[in-house]
Amino acid sequence: MNSKHKERGITLYGEEGFAGMRKAGSLAAAALDLMVEHVKPGVTTDELDDIIMDFAKANDAIPATLNYRGYTKAICTSVNHVVCHGIPGPKPLREGDIVNIDVTLIVDGWHGDTSRMYGVGEIPRKAERLLDVTYEALMRGIAAVKPGHTTGHIGAAIQNFAEAERCSVVREFCGHGLGRQFHERPNILHYGVEGEGVELKPGMIFTIEPMINIGKAAVKVLPDGWTAVTRDRQLSAQFEHSVGVTEEGCEIFTRSLKGYDRPPYLG
(Lines give C-alpha, C1' and ligand atoms only; values in the text may rest on other atoms or scores of the structure.)
Protein backbone atom coordinates (compact mmCIF):
# COMPACT_ATOMS: atom_id res chain seq x y z
CA MET A 1 0.00 0.00 0.00
CA ASN A 2 1.83 3.09 -1.23
CA SER A 3 -0.82 5.76 -1.16
CA LYS A 4 -2.82 7.61 1.42
CA HIS A 5 -6.58 7.75 1.24
CA LYS A 6 -9.60 8.10 3.47
CA GLU A 7 -12.21 5.48 4.10
CA ARG A 8 -15.32 6.64 5.96
CA GLY A 9 -13.39 9.66 7.20
CA ILE A 10 -10.43 7.65 8.52
CA THR A 11 -7.05 8.08 6.87
CA LEU A 12 -5.35 4.91 5.63
CA TYR A 13 -1.62 5.52 5.22
CA GLY A 14 0.78 3.79 2.86
CA GLU A 15 4.48 3.04 3.25
CA GLU A 16 5.42 6.73 3.18
CA GLY A 17 3.25 7.33 6.22
CA PHE A 18 4.62 4.32 8.08
CA ALA A 19 8.18 5.46 7.32
CA GLY A 20 7.40 8.96 8.58
CA MET A 21 5.84 7.58 11.75
CA ARG A 22 8.83 5.31 12.40
CA LYS A 23 11.13 8.34 12.36
CA ALA A 24 8.88 10.54 14.50
CA GLY A 25 8.02 7.72 16.89
CA SER A 26 11.65 6.74 17.36
CA LEU A 27 12.63 10.31 18.25
CA ALA A 28 9.74 10.66 20.71
CA ALA A 29 10.82 7.39 22.33
CA ALA A 30 14.40 8.67 22.53
CA ALA A 31 13.12 11.79 24.31
CA LEU A 32 11.51 9.59 26.96
CA ASP A 33 14.67 7.50 27.22
CA LEU A 34 16.47 10.74 28.09
CA MET A 35 14.13 11.27 31.03
CA VAL A 36 15.34 8.12 32.82
CA GLU A 37 18.48 9.81 34.16
CA HIS A 38 16.68 13.06 35.02
CA VAL A 39 13.57 11.92 36.92
CA LYS A 40 14.74 11.97 40.53
CA PRO A 41 13.78 13.59 43.84
CA GLY A 42 14.24 17.37 43.77
CA VAL A 43 13.91 17.91 40.03
CA THR A 44 11.02 20.08 38.90
CA THR A 45 8.72 19.19 36.05
CA ASP A 46 9.60 22.58 34.54
CA GLU A 47 13.21 21.38 34.33
CA LEU A 48 12.09 18.18 32.59
CA ASP A 49 10.11 20.29 30.13
CA ASP A 50 13.19 22.39 29.38
CA ILE A 51 15.25 19.24 28.69
CA ILE A 52 12.71 17.94 26.18
CA MET A 53 12.44 21.37 24.55
CA ASP A 54 16.21 21.47 24.06
CA PHE A 55 16.22 17.87 22.78
CA ALA A 56 13.51 18.70 20.22
CA LYS A 57 15.39 21.77 18.97
CA ALA A 58 18.64 19.81 18.67
CA ASN A 59 16.87 17.21 16.52
CA ASP A 60 14.89 19.60 14.28
CA ALA A 61 11.61 18.52 15.87
CA ILE A 62 8.69 20.52 17.21
CA PRO A 63 6.76 19.59 20.39
CA ALA A 64 3.17 19.26 19.21
CA THR A 65 1.71 20.48 22.51
CA LEU A 66 3.58 23.81 22.38
CA ASN A 67 0.92 26.47 21.79
CA TYR A 68 -1.67 23.77 21.04
CA ARG A 69 -5.05 25.23 22.03
CA GLY A 70 -3.24 27.61 24.36
CA TYR A 71 -1.03 25.01 26.04
CA THR A 72 2.40 26.53 26.68
CA LYS A 73 4.69 23.56 27.45
CA ALA A 74 6.59 20.95 25.44
CA ILE A 75 5.33 17.97 27.48
CA CYS A 76 2.63 16.94 29.93
CA THR A 77 3.74 15.77 33.39
CA SER A 78 1.08 13.99 35.45
CA VAL A 79 2.10 13.24 39.04
CA ASN A 80 0.44 10.71 41.38
CA HIS A 81 -3.34 11.33 41.25
CA VAL A 82 -3.11 13.45 38.09
CA VAL A 83 -4.61 11.31 35.32
CA CYS A 84 -3.34 13.24 32.29
CA HIS A 85 -2.49 16.68 30.88
CA GLY A 86 -0.59 17.82 33.97
CA ILE A 87 1.23 21.09 33.29
CA PRO A 88 4.96 21.28 34.11
CA GLY A 89 5.71 23.69 36.94
CA PRO A 90 8.15 24.69 39.71
CA LYS A 91 7.16 22.05 42.29
CA PRO A 92 9.97 19.51 42.87
CA LEU A 93 9.27 15.79 42.54
CA ARG A 94 9.49 13.89 45.82
CA GLU A 95 10.72 10.44 46.77
CA GLY A 96 7.91 7.93 46.16
CA ASP A 97 6.06 9.97 43.52
CA ILE A 98 5.05 8.45 40.21
CA VAL A 99 4.92 10.65 37.12
CA ASN A 100 3.69 10.18 33.58
CA ILE A 101 5.64 12.07 30.93
CA ASP A 102 3.75 12.48 27.66
CA VAL A 103 5.60 13.77 24.61
CA THR A 104 4.57 14.27 20.99
CA LEU A 105 7.29 15.36 18.57
CA ILE A 106 6.61 16.52 15.02
CA VAL A 107 9.34 15.29 12.66
CA ASP A 108 9.04 16.21 8.97
CA GLY A 109 5.33 16.77 9.53
CA TRP A 110 4.68 13.42 11.26
CA HIS A 111 3.54 13.13 14.88
CA GLY A 112 5.27 10.67 17.22
CA ASP A 113 3.11 10.43 20.37
CA THR A 114 4.07 8.37 23.42
CA SER A 115 4.10 8.42 27.20
CA ARG A 116 5.63 6.42 30.04
CA MET A 117 5.49 6.23 33.81
CA TYR A 118 8.52 6.95 35.98
CA GLY A 119 9.09 6.21 39.65
CA VAL A 120 10.81 8.93 41.65
CA GLY A 121 13.33 7.10 43.80
CA GLU A 122 11.81 4.20 45.71
CA ILE A 123 8.06 3.99 45.18
CA PRO A 124 5.41 2.13 47.24
CA ARG A 125 4.53 -1.43 46.27
CA LYS A 126 0.95 -0.41 45.39
CA ALA A 127 2.36 2.13 42.93
CA GLU A 128 4.67 -0.49 41.39
CA ARG A 129 1.72 -2.79 40.96
CA LEU A 130 -0.36 -0.06 39.30
CA LEU A 131 2.45 0.61 36.83
CA ASP A 132 2.72 -3.11 36.05
CA VAL A 133 -1.03 -3.44 35.51
CA THR A 134 -1.19 -0.33 33.31
CA TYR A 135 1.69 -1.39 31.09
CA GLU A 136 0.25 -4.88 30.70
CA ALA A 137 -3.15 -3.37 29.85
CA LEU A 138 -1.52 -1.30 27.09
CA MET A 139 0.26 -4.32 25.64
CA ARG A 140 -2.91 -6.43 25.72
CA GLY A 141 -4.68 -3.65 23.84
CA ILE A 142 -1.90 -3.58 21.25
CA ALA A 143 -2.04 -7.37 20.90
CA ALA A 144 -5.70 -7.01 19.88
CA VAL A 145 -4.81 -4.82 16.89
CA LYS A 146 -5.16 -6.68 13.60
CA PRO A 147 -7.26 -6.42 10.44
CA GLY A 148 -10.81 -7.65 10.93
CA HIS A 149 -10.86 -6.82 14.62
CA THR A 150 -12.55 -3.62 15.80
CA THR A 151 -11.70 -0.82 18.18
CA GLY A 152 -13.94 -2.68 20.62
CA HIS A 153 -11.47 -5.55 20.70
CA ILE A 154 -8.80 -3.12 21.92
CA GLY A 155 -11.02 -1.63 24.61
CA ALA A 156 -12.25 -5.02 25.80
CA ALA A 157 -8.71 -6.39 26.14
CA ILE A 158 -7.70 -3.41 28.28
CA GLN A 159 -10.85 -3.25 30.38
CA ASN A 160 -11.12 -6.96 31.08
CA PHE A 161 -7.53 -7.19 32.28
CA ALA A 162 -7.51 -3.99 34.36
CA GLU A 163 -10.79 -4.74 36.10
CA ALA A 164 -9.73 -8.32 36.83
CA GLU A 165 -6.75 -6.74 38.62
CA ARG A 166 -9.18 -4.65 40.71
CA CYS A 167 -8.27 -1.40 38.97
CA SER A 168 -10.54 0.95 37.02
CA VAL A 169 -10.34 2.38 33.50
CA VAL A 170 -10.75 6.11 32.91
CA ARG A 171 -13.47 6.71 30.31
CA GLU A 172 -13.27 10.46 29.73
CA PHE A 173 -10.11 10.27 27.58
CA CYS A 174 -9.20 8.01 24.70
CA GLY A 175 -6.58 7.18 22.11
CA HIS A 176 -6.82 8.81 18.70
CA GLY A 177 -5.80 8.63 15.11
CA LEU A 178 -2.69 10.56 14.14
CA GLY A 179 -0.09 10.96 11.43
CA ARG A 180 0.11 14.30 9.65
CA GLN A 181 -2.49 15.50 12.16
CA PHE A 182 -2.11 15.45 15.96
CA HIS A 183 -5.64 14.18 16.50
CA GLU A 184 -7.97 12.56 13.99
CA ARG A 185 -10.27 9.57 13.68
CA PRO A 186 -10.63 6.89 14.88
CA ASN A 187 -11.08 7.36 18.62
CA ILE A 188 -9.71 4.42 20.60
CA LEU A 189 -11.74 3.79 23.74
CA HIS A 190 -9.97 1.83 26.47
CA TYR A 191 -13.09 -0.08 27.39
CA GLY A 192 -15.68 -1.82 25.26
CA VAL A 193 -17.01 -4.98 23.69
CA GLU A 194 -15.29 -7.13 21.08
CA GLY A 195 -16.80 -6.55 17.66
CA GLU A 196 -18.18 -3.10 18.44
CA GLY A 197 -16.76 0.16 17.14
CA VAL A 198 -14.73 0.77 14.00
CA GLU A 199 -13.29 -2.12 11.99
CA LEU A 200 -9.48 -2.08 11.91
CA LYS A 201 -7.91 -1.96 8.45
CA PRO A 202 -4.31 -1.92 7.23
CA GLY A 203 -3.00 1.64 7.03
CA MET A 204 -4.79 2.98 10.12
CA ILE A 205 -2.48 4.76 12.56
CA PHE A 206 -3.51 5.64 16.11
CA THR A 207 -2.47 5.83 19.74
CA ILE A 208 -3.43 3.44 22.50
CA GLU A 209 -2.99 5.15 25.87
CA PRO A 210 -4.99 3.63 28.74
CA MET A 211 -5.30 5.57 31.99
CA ILE A 212 -5.76 3.14 34.85
CA ASN A 213 -6.72 4.13 38.41
CA ILE A 214 -5.98 2.25 41.60
CA GLY A 215 -9.29 3.54 42.97
CA LYS A 216 -12.49 4.54 41.21
CA ALA A 217 -12.66 5.62 37.58
CA ALA A 218 -14.17 9.07 38.15
CA VAL A 219 -12.05 12.08 37.19
CA LYS A 220 -12.42 15.85 37.08
CA VAL A 221 -10.60 18.62 35.24
CA LEU A 222 -9.11 21.40 37.36
CA PRO A 223 -9.85 25.10 36.74
CA ASP A 224 -6.72 25.45 34.57
CA GLY A 225 -8.73 23.64 31.90
CA TRP A 226 -6.08 20.95 31.34
CA THR A 227 -5.14 18.99 34.46
CA ALA A 228 -7.36 15.93 34.98
CA VAL A 229 -7.26 14.27 38.41
CA THR A 230 -8.92 11.33 40.11
CA ARG A 231 -11.90 12.44 42.16
CA ASP A 232 -10.91 10.14 45.03
CA ARG A 233 -7.27 11.34 44.85
CA GLN A 234 -6.05 7.77 44.41
CA LEU A 235 -3.10 7.04 42.12
CA SER A 236 -3.45 6.95 38.34
CA ALA A 237 -1.04 5.67 35.68
CA GLN A 238 -0.78 5.74 31.89
CA PHE A 239 1.40 4.29 29.15
CA GLU A 240 1.04 5.18 25.47
CA HIS A 241 2.31 3.92 22.13
CA SER A 242 1.61 5.02 18.57
CA VAL A 243 0.82 2.02 16.36
CA GLY A 244 -0.08 1.26 12.76
CA VAL A 245 -2.31 -1.55 11.52
CA THR A 246 -0.47 -3.88 9.12
CA GLU A 247 -1.66 -6.76 6.95
CA GLU A 248 -0.69 -9.22 9.70
CA GLY A 249 -1.23 -7.25 12.90
CA CYS A 250 0.36 -3.98 13.97
CA GLU A 251 3.63 -2.08 14.17
CA ILE A 252 4.64 -0.10 17.26
CA PHE A 253 6.33 3.15 16.19
CA THR A 254 7.34 4.38 19.64
CA ARG A 255 9.30 1.48 21.14
CA SER A 256 12.43 2.42 23.08
CA LEU A 257 15.62 1.43 21.29
CA LYS A 258 17.18 1.07 24.76
CA GLY A 259 14.48 -1.27 26.05
CA TYR A 260 13.12 1.40 28.40
CA ASP A 261 9.46 0.79 27.56
CA ARG A 262 8.53 -0.10 31.13
CA PRO A 263 10.08 0.52 34.57
CA PRO A 264 12.40 -0.21 36.27
CA TYR A 265 14.30 1.20 33.31
CA LEU A 266 17.77 0.63 34.70
CA GLY A 267 16.99 -2.50 36.72
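The structure this text deals with has already been given above.
Keep in mind the model is a prediction, meaning the values are calculated, not measured.

## Quick look at the packing of aromatic side chains
Line of reasoning, step 1. Across all of its chains, the model carries seven aromatic pairs by this definition.
Line of reasoning, step 2. Taken together, the ring pairs connect Tyr118, Tyr260 and Tyr265 into an aromatic cluster.

## A short note on helix 2 (residues 45-58)
Line of reasoning, step 1. Between its first and last C-alpha, helix 2 extends 20 Å over 14 residues, near the 20 Å set by a 1.5 Å rise per residue.
Line of reasoning, step 2. Considered for burial, the residues of helix 2 that qualify are Thr45, Leu48, Asp49, Ile52, Met53, Phe55 and Ala56. Projected onto a plane normal to the axis of helix 2, the buried residues spread over an arc of 165 degrees and lie on a single side. Among the exposed residues of helix 2, those pointing more than 90 degrees away from its buried face are Asp54, Lys57 and Ala58.
Line of reasoning, step 3. Lining the buried residues of helix 2 we find helix 1 (15-35), strand 3 (62-63), strand 4 (76-79) and strand 6 (98-107).
Line of reasoning, step 4. Positioned one or two residues after helix 2, aspartate 60 has a phi angle of 55 degrees, which is positive.

## Some words on the nonpolar core
Line of reasoning, step 1. If you look at the biggest cluster of nonpolar residues, it comprises 65 residues, and the most contacted ones within it are Val39, Ile101, Tyr118, Phe206 and Ile208.
Line of reasoning, step 2. At nine residues, helix 3 (residues 125-143) tops the list of elements feeding residues into this core.
Line of reasoning, step 3. Residue contacts for phenylalanine 206: discarding those within four places in its chain leaves Val145, Ile154, His176, Gly177, Leu178, Pro186, Ile188, Leu200, His241, Ser242, Val243 and Val245.
Line of reasoning, step 4. Membership of the second largest hydrophobic core comes to seven residues, among which are Cys84, Met211, Val219 and Ala228.

## Here we look at the side chain of asparagine 213
Line of reasoning, step 1. You can see asparagine 213 is positioned in strand 12 (residues 211-213).
Line of reasoning, step 2. Relative accessible area serves as the criterion here: at 0%, asparagine 213 is assigned to the buried category.

## Brief notes about the sheet that holds strand 15 (residues 236-238)
Line of reasoning, step 1. Judged by pairing direction, the sheet is antiparallel, and its three strands sit side by side in the order 8-12-15 without closing on themselves. With partners counted over all chains shown, the strands left at the sheet margins are strand 8 (168-169) and strand 15, one partner each.
Line of reasoning, step 2. Pairing of strand 12 with strand 15, which is carried by three bridges, proceeds in the antiparallel orientation. Each bridged residue has a counterpart across the sheet, and for isoleucine 212 the counterpart in strand 15 is alanine 237.

## Side note on unusual backbone geometry
Line of reasoning, step 1. A cis geometry characterises the amide bond from arginine 185 onward to proline 186, with omega recorded as 5 degrees.
Line of reasoning, step 2. Structurally, proline 186 can be placed in strand 10 (residues 184-188).
Line of reasoning, step 3. Its identity is not glycine, yet asparagine 67 carries a phi of approximately 65 degrees, on the positive side.
Line of reasoning, step 4. Mapped onto the secondary structure, asparagine 67 falls in the loop between strand 3 and strand 4.

## Some thoughts on the pattern of salt bridges
Line of reasoning, step 1. Here the structure, examined in full by the defined rule, presents nine salt bridges.
Line of reasoning, step 2. Where arginine 129 meets glutamate 165, a salt bridge forms, and the shortest distance between an N and an O atom there is 3.2 Å. Placement of arginine 129 in helix 3 and of glutamate 165 in the loop between helix 4 (151-164) and strand 8 is noted, with a sequence separation of 36 residues between them.

## What about the packing of helix 1 against helix 2?
What describes two packed helices is the angle between their axes and the distance between those same axes.
Line of reasoning, step 1. At a closest axis distance of 10 Å, the pairing of helix 1 and helix 2 adopts a crossing angle of 140 degrees. One finds that helix 1 runs oblique with respect to helix 2. Pair helix 1 / helix 2 crosses with right-handed handedness. Where helix 1 approaches helix 2, its residues Leu27, Ala30, Ala31, Leu34 and Met35 are matched on the opposing element by Leu48, Ile51, Ile52 and Phe55.
Line of reasoning, step 2. When its residues are assigned to classes, the contact of helix 1 with helix 2 shows nine nonpolar, no polar and no charged.

## So, the sheet that holds strand 14 (residues 228-230)
Line of reasoning, step 1. Read from one edge of the open sheet, three strands run 5-14-13, paired in antiparallel fashion. If you trace the sheet from one side to the other, it starts and ends with strand 5 (82-84) and strand 13 (219-221), each paired once. Here the average twist between neighbouring strands, direction ignored, is 40 degrees.
Line of reasoning, step 2. In this sheet, strand 14 lies alongside strand 13 in antiparallel orientation, the contact comprising three bridges. What sits directly across from valine 219, in strand 14, is threonine 230.

## Points about the pairing of strand 7 (residues 110-119)
Line of reasoning, step 1. Counting buried residues in strand 7 gives nine out of 10 residues, a clear majority hidden from the surface.
Line of reasoning, step 2. In textbook terms, the turn of a hairpin is the stretch between consecutive antiparallel strands, and for strand 6 and strand 7 this stretch comprises two residues, one of which, aspartate 108, has a positive phi near 55 degrees.

The rules behind these values
- Residue positions are counted from 1 within each chain, in the order its sequence is given.
- Local features are withheld for residues below a pLDDT of 70 in this predicted model, meaning they are given only at 70 or higher, and side-chain atom pairs are given and counted only at 80 or more; totals for whole chains, interfaces and linings count all residues.
- Calculation of side-chain values draws on the structure's entire complement of heavy atoms; hydrogens and water are dropped beforehand.
- Stacked, edge-to-face and tilted labels apply to pairs of Phe, Tyr and Trp rings (six-membered ring for Trp) whose centres lie within 6.5 Å, assigned for plane angles under 30 degrees, over 60, and everything in between, in that order.
- Numbering of helices and strands runs from the N terminus; a helix is a DSSP stretch of H or I covering at least four residues, while a strand is a stretch of E covering at least two.
- To estimate the expected span of a helix, subtract one from its residue number and multiply by 1.5 Å.
- Only protein chains enter the accessibility calculation, which uses a 1.4 Å probe; a residue is then buried when its area is under 20% of its type maximum, exposed when over 50%, and partly exposed in between.
- Here, the arc refers to the directions that run from the helix axis to the C-beta atoms.
- Only heavy atoms enter the contact rule, under which two residues are in contact if any of them lie within 4.5 Å.
- To define a nonpolar core, start from buried Ala, Val, Leu, Ile, Met, Phe, Trp, Tyr and Cys residues and group those joined through side-chain atoms within 4.5 Å.
- Any two strands with at least two DSSP bridges between them are considered paired.
- For this analysis, a salt bridge means a side-chain nitrogen from Lys or Arg found within 4 Å of a carboxyl oxygen belonging to Asp or Glu.
- Lines are fitted to the C-alpha atoms to define the axes, a helix being fitted only along its stretch in contact, and any angle between axes, read from their N-to-C directions, falls within 0 to 180 degrees.
- Roughly parallel means an angle under 35 degrees; roughly antiparallel, over 145; roughly perpendicular, 65 to 115; everything else is oblique.
- Take the far helix as the reference: if the near one is turned anticlockwise from it by less than a right angle, the crossing is left-handed, and if turned clockwise, right-handed.
- For this scheme, ten residues count as nonpolar: Ala, Val, Leu, Ile, Met, Phe, Trp, Tyr, Cys and Pro. Four count as charged, namely Asp, Glu, Lys and Arg, and the remainder, Gly too, count as polar.

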